[in-house]
Protein chains: 2
Amino acid sequence: MKIAEWTQKLKKNYLFQSVAEKVKSFKEKNPYANIINMGIGDVSLPICKSVVNSCIKSANEMGNIESFRGYSPNSGYDFLKKSIQQDYQDRNISLDLDEIFISDGAKSDMSNILDIFSSDNVCLIPDPVYPVYLDTSIMNGMTVKFINATEDNNFLPLPDLSVKSDIIYICSPNNPTGASYSKPELKLWVDYALSCDAVILFDAAYESFIEDDSCKSIFEVENSDLCAIEFKSFSKSSGFTGMRCGYSIVPKKLKRNGESLNSLWSRRHSTKFNGVPYIIQRAAEACLSTEGKKECSKFIKYYKENSKSISKTLDNLGIKYFGGKNSPYIWMKCINDMNSWEFFDYLLEKFQIVGTPGSGFGKNGEGFFRLSCFGSHENTLEACKRLENMKK
Amino acid sequence: MKIAEWTQKLKKNYLFQSVAEKVKSFKEKNPYANIINMGIGDVSLPICKSVVNSCIKSANEMGNIESFRGYSPNSGYDFLKKSIQQDYQDRNISLDLDEIFISDGAKSDMSNILDIFSSDNVCLIPDPVYPVYLDTSIMNGMTVKFINATEDNNFLPLPDLSVKSDIIYICSPNNPTGASYSKPELKLWVDYALSCDAVILFDAAYESFIEDDSCKSIFEVENSDLCAIEFKSFSKSSGFTGMRCGYSIVPKKLKRNGESLNSLWSRRHSTKFNGVPYIIQRAAEACLSTEGKKECSKFIKYYKENSKSISKTLDNLGIKYFGGKNSPYIWMKCINDMNSWEFFDYLLEKFQIVGTPGSGFGKNGEGFFRLSCFGSHENTLEACKRLENMKK
């Protein structure tokens, strides 16, 4: 019996677990501290009325023998796929229904997708980025190369043609930096991927926060359907972190080694997964209804108010930061040359504010810190008031 | 770029997909045929009132800012884990809460668990059995050995001490044969696993159908916490096939290569998965309430009526079969020396009855056929009426 090789290669703790443990320990020592959590990217607004009503309706359907539904089609119900198809069509992107795979979230999808590739591949991962890409690439035995995202390139690295890779992770708008690619920039990535037969895994989980002309989908770029898979989530756009629904789009044109990646993903999906709860699929459908979209757009507006409050505070303090415009995260520089974890401890101990150490997202994140804008206005304003007392 | 090696090793289609395609093609040719589906093990009774009420209550909670919940704890909420803990305690099995991991179902769990083991392991898989074990072992690159379950051993094979293995799949009550192990028999498997440092993956998805003294949990057997992981599902016990909830139990005592498998599974869970919807966890909790248990026990009783009807029909026809007592499946011999797929075609074309060819579960399933008892009484009685016209 041998346990998996990754167990020796992975850092002991997943970033957000480490943060949670530190906070827990602080709370034990300071039971009455009023901690404001701007760490994990969890939303705070409740799901919207359309979604609640849809859940109640479908729960009642499930309780009635006439309308009960057992196993979902593995890749999801057509009613939800059609809503997604329409959502893309509204942005002039045509998808076939069987290019859409409904799942329990983008995190699962972006991990599970690696199962269709050989471990004998090179993954190109931006640094800093959402740590799941790295951990899951290691778990699946891939070789990892990093691409440096730094202040110098505004955290928007472009392809280095001298570096060969097979699988390219792109997160745009980026978690944690908030940087988002324009269409001409993404075209360079598509051209690069095509030139070395690579596949882009495009994480569009924060797409709904884009307010300029950054790409909302990789499929806006010509020929991307020959080299890209897109991942979407209802978590941030619709407050679904506790509801669990996302989807992946695998173009039927996308082939490697003569095999359709759409078919391979379908096979992986049907073997290792059994579909998303009917109630949740109906809930996701409600998010994409006219009324649901209107309600969900209010979430984005609400969280953007938080970005503005934090940005203003940092501006006043003369602290450099990125993000906050096309994303729900502020990516700030740590003050007084503190490293990321030192700054974490400083904020927690001095101001009872929890954020996420930038170094947890990669070595280039060292000296940076991520603040989430997903809190309530009240908490965010209170945090800003506290932050005003930071001494540079 | 290389695609995954398993793509060349797996059969082209997952069993139930093949069945679905055959049925679809038949329907296209015979649009008015009244087909009775006794194939896939999907339930037909709606979720019970307690569960519907719980869904409505929690959907409303999710719509209220005071009670909204975002990301679930990765391994599930304590309220559900405590219900499960109590359910085991009622059978004199003590579990710690952090030995319980809530998931979207046993199928996902039994596939994903392989991620914590090296691909350099030998999986011992009963033949015939639920095809996911084989497919997922191949996907994860393991070496597979089979253990023959045949009429001669009443489909309850015991360990062959001359065969070494690292991971042992046991499904009891077995899908498809319905055979279930007694405690002394399971003890032989535990002793064998301990003797060769192997881990048993115990699939107890059909436990609630047991009506004799077969083991309902591997943890009834002494020292099994040193060598076994148990997988459970609400799908069949509570009509949750379209609700998606299950769980795994990984004892903290269980170690291999000096590492705690509980910790490894926790790490895998937190990296590649983001928890089960709050609404679904509350729904599962409702199944384990006093009222919920009472309601769910009626499902079992209902489906067992179907077993009796089918058994009686086969008895009258003098056709040999297994199962139907501790399981919701009848495992019958094909008539007139037909092979499994011939018998599938025969039943579909002649009687418009869909079942599952035994050979889809392994070579020892050839010549057998699985009938599911999860249909309505009405459909099952109609199917029995049709079957009475089978000519031997």
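Bear in mind the structure is a predicted one, so any value in this text is a computation, not a measurement.

## What to know about the overall build of chain A
Then, number 1: Of regular secondary structure, chain A possesses 13 helices and 15 strands.
Then, number 2: What you see for chain A is a C-alpha radius of gyration of 21 Å, in line with the 21 Å of a compact globule of 392 residues.
Then, number 3: Based on the C-alpha atoms only, the size of chain A along its principal axes is roughly 60 × 55 × 50 Å.
Then, number 4: Residues classed as buried in chain A amount to 56% of the 392 residues present.
Then, number 5: A separation threshold of at least 6 residues defines the contact pool for chain A, and within that pool the share at least 24 residues apart is 72%.

## Digging into unusual backbone geometry
Residue and element names in this part refer to chain A.
Then, number 1: Put simply, aspartate 127 and proline 128 share a cis peptide bond, and its omega is 5 degrees.
Then, number 2: Relative to the helices and strands, proline 128 resides in the loop between strand E3 (122-127) and helix H6 (132-139).
Then, number 3: A cis geometry characterises the amide bond from serine 172 onward to proline 173, with omega recorded as -5 degrees.
Then, number 4: Within the fold, proline 173 resides in the loop between strand E5 (167-171) and helix H7 (183-195).
Then, number 5: Of note, the phi angle at asparagine 154 is positive, near 50 degrees, even though the residue is not glycine.
Then, number 6: Since 11 C-beta atoms lie within 10 Å of it, asparagine 154 is described here as exposed.
Then, number 7: Although it is not a glycine, arginine 244 adopts a positive phi angle of roughly 65 degrees.

## A few points about the domain arrangement of chain A
All names here are of chain A.
Then, number 1: According to the domain assignment, chain A contains domain 1 (6-47 + 292-387) and domain 2 (49-291).
Then, number 2: The centre of domain 1, based on its C-alpha atoms, is set 25 Å off from the matching centre of domain 2.
Then, number 3: On the domain 2 side, the residues contacting the 35 residues of domain 1 number 42 residues.
Then, number 4: If you list the elements that add at least two residues to the side of domain 1 that touches domain 2, you get helix H1 (6-9), helix H11 (290-317), strand E11 (321-323) and strand E12 (329-333).
Then, number 5: Ranked by residue count, the leading element in the side of domain 1 that touches domain 2 is H11, at seven residues.

## Brief notes about the interface of chain A and chain B
Then, number 1: Facing 68 residues of chain A, the contacting portion of chain B comprises 69 residues.
Then, number 2: Residue assignment for the side of chain A that touches chain B shows that the elements contributing at least two residues are helix H3 (49-62), helix H5 (106-112), H6, helix H9 (261-272) and helix H10 (278-287) of chain A.
Then, number 3: A per-element tally of the side of chain A that touches chain B places H3(A) first, with seven residues.
Then, number 4: The residue inventory of the side of chain A that touches chain B, partitioned by class, reads 30 nonpolar, 21 polar and 17 charged.

## Some words on the relation of the copies chain A and chain B
Then, number 1: Take chain A, turn it by 180 degrees, move it 0.0 Å along the axis, and it overlays chain B with an RMSD of 0.0 Å. Taken together, the rotation angle and the small translation identify this as a two-fold axis. When each C-alpha of chain A is compared by its distance to the rotation axis, A:Ile56 comes out closest, at 2.6 Å.
Then, number 2: A share of 100% of interface residues in chain A that are also interface residues in chain B marks the association as one of identical surfaces.

Cut-offs and rules
- Residues numbered from 1 in each chain as written.
- Chains lettered and ligands numbered in written order.
- Predicted model: local features only at pLDDT ≥ 70, side-chain atom pairs only at ≥ 80, totals over all residues.
- Helix = DSSP H or I, 4+ residues; strand = E, 2+ residues; numbered from the N terminus.
- Rg over C-alpha atoms; globule rule 2.2 N^0.38 Å.
- Buried ≥ 20, exposed ≤ 12 C-beta atoms within 10 Å, placed from the backbone.
- Contact = placed C-beta atoms within 7 Å.
- Domains from an automatic or database assignment.
- Nonpolar A, V, L, I, M, F, W, Y, C, P; charged D, E, K, R; others polar.
- Least-squares fit on C-alpha atoms with pLDDT ≥ 70 in both.

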